[in-house]
Amino acid sequence: VHITWIATTGLTSSTHGLNNDEKSGGWQCSLIREKLNNELYSDLSADIKNAIVAVNKTSGGGSADTSDLLWILSGREVGFTGSAFASSGPVYSQIFTDNASRRSSYSYWLRDAHYDISDGAGWKIVSSDGYETVSPTYWSSYILFGFCI
């Protein structure tokens, strides 16, 4: 049994949230994933690094699985419903129960890519009022990350 830890304060705002090239490559090829699992992970204390276990994370509507030490949340994990989130991880229902529970003083990235003919490509984010929305990669949003021990 693993215990999941999720940050409640976001890391510095990041433009080009996931990839420089819109949604190309998805979470598995994203810049945030690379930075979290390399740079941020290496900055953690040895005690924390030794306790963290890799977990499988699903993104891309269930089409891509990755093994991650550190990760950002998916829409499903924060309790959003709908076909875009159907297979992107467990629901952390003890934490994220409604829009009020997702509220923050800033918007934060999700690991779900988005494409719609009317508004183009981008990434899903949680807005500061707790709602699901879409952000182009050149907007700034914060990064809330998680890990399991």
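All of the points below concern the structure found in this document.

Some details on the overall build of the protein chain
Along the backbone of the protein chain there are 3 helices and 10 strands. Ordered by position from the N terminus, the helices and strands of the protein chain form the series β-β-α-α-β-β-β-α-β-β-β-β-β. Taking all 149 residues of the protein chain together, 44% fall into the buried category. Taking contacts inside the protein chain between residues at least 6 apart in sequence as the whole, the part at least 24 apart equals 61%. Here the protein chain has roughly 7600 Å² of accessible surface; of this, 50% comes from carbon and sulfur atoms.

Considerations on the packing of aromatic side chains
Considering all chains together, one arrives at 3 aromatic pairs under this definition. Plain terms: the ring middles of W5 and F145 are 5.5 Å apart, the flat faces sit at 50° to each other, and that makes the pair tilted. Pair noted here: W5 is in strand 1 (residues 4–6) and F145 is in strand 10 (residues 145–148), with a separation of 140 residues, a long-range link. On the basis of relative accessible area, W5 is assigned to the partly exposed category, the value being 40%.

Some thoughts on the pairing of strand 4 (residues 64–68)
Here strand 4 shows a clear split, with A64, T66 and D68 buried on one side and none of D65 and S67 buried on the other. One ladder, built from 5 bridges, connects strand 3 (residues 55–59) with strand 4; its direction is antiparallel. Pairing of T58 across the sheet is with D65, part of strand 4.

Things to note about the pairing of strand 10
Residue alternation in strand 10 divides its side chains into two sets, F145 and F147 and G146 and C148, and both sets are buried. Inspection of the sheet shows strand 1 paired to strand 10 by 3 bridges, in the antiparallel sense. Within strand 10, the residue paired with W5 across the bridge is F147. For strand 5 (residues 71–72) and strand 10, the ladder comprises 2 bridges, and the chain directions are antiparallel. Its bridge partner being in strand 10, I72 is matched across the sheet by F145.

Remarks on the sheet that holds strand 10
In a beta sheet, neighbouring strands pair by backbone hydrogen bonds and run either parallel or antiparallel. Taken in spatial order, the 3 strands make up an open sheet running 1-10-5, and their pairing is antiparallel. Among the strands making up the open sheet, the edge pair consists of strand 1 and strand 5.

Parameters at a glance
- Just so you know, the residues in each chain are numbered from 1, in the order the chain's sequence is written.
- Only residues with pLDDT of 70 or above have their local features reported here, since the model is predicted, and side-chain atom pairs are shown and tallied only from 80 upward, although totals for entire chains, interfaces and linings are computed over all residues.
- With hydrogens and water excluded, all non-hydrogen atoms of the structure serve as input to the side-chain values.
- A run of DSSP states H or I qualifies as a helix once it reaches four residues; a run of E qualifies as a strand once it reaches two. Both are numbered from the N-terminal end.
- A 1.4 Å probe rolled over the protein chains alone gives each residue an accessible area, and that area as a share of the maximum for its type sets the label: buried under 20%, exposed over 50%, partly exposed in between.
- Whether two residues are in contact is decided by their heavy atoms: any pair within 4.5 Å suffices.
- Accessible surface area values rest on a Shrake-Rupley calculation with a 1.4 Å probe, where residue burial reflects the displayed protein chains alone.
- Only centres within 6.5 Å qualify two rings of Phe, Tyr or Trp (six-membered ring in Trp) as a pair; their planes then separate them into stacked at under 30 degrees, edge-to-face at over 60, and tilted for everything else.
- Any two strands with at least two DSSP-identified bridges between them are counted as paired.

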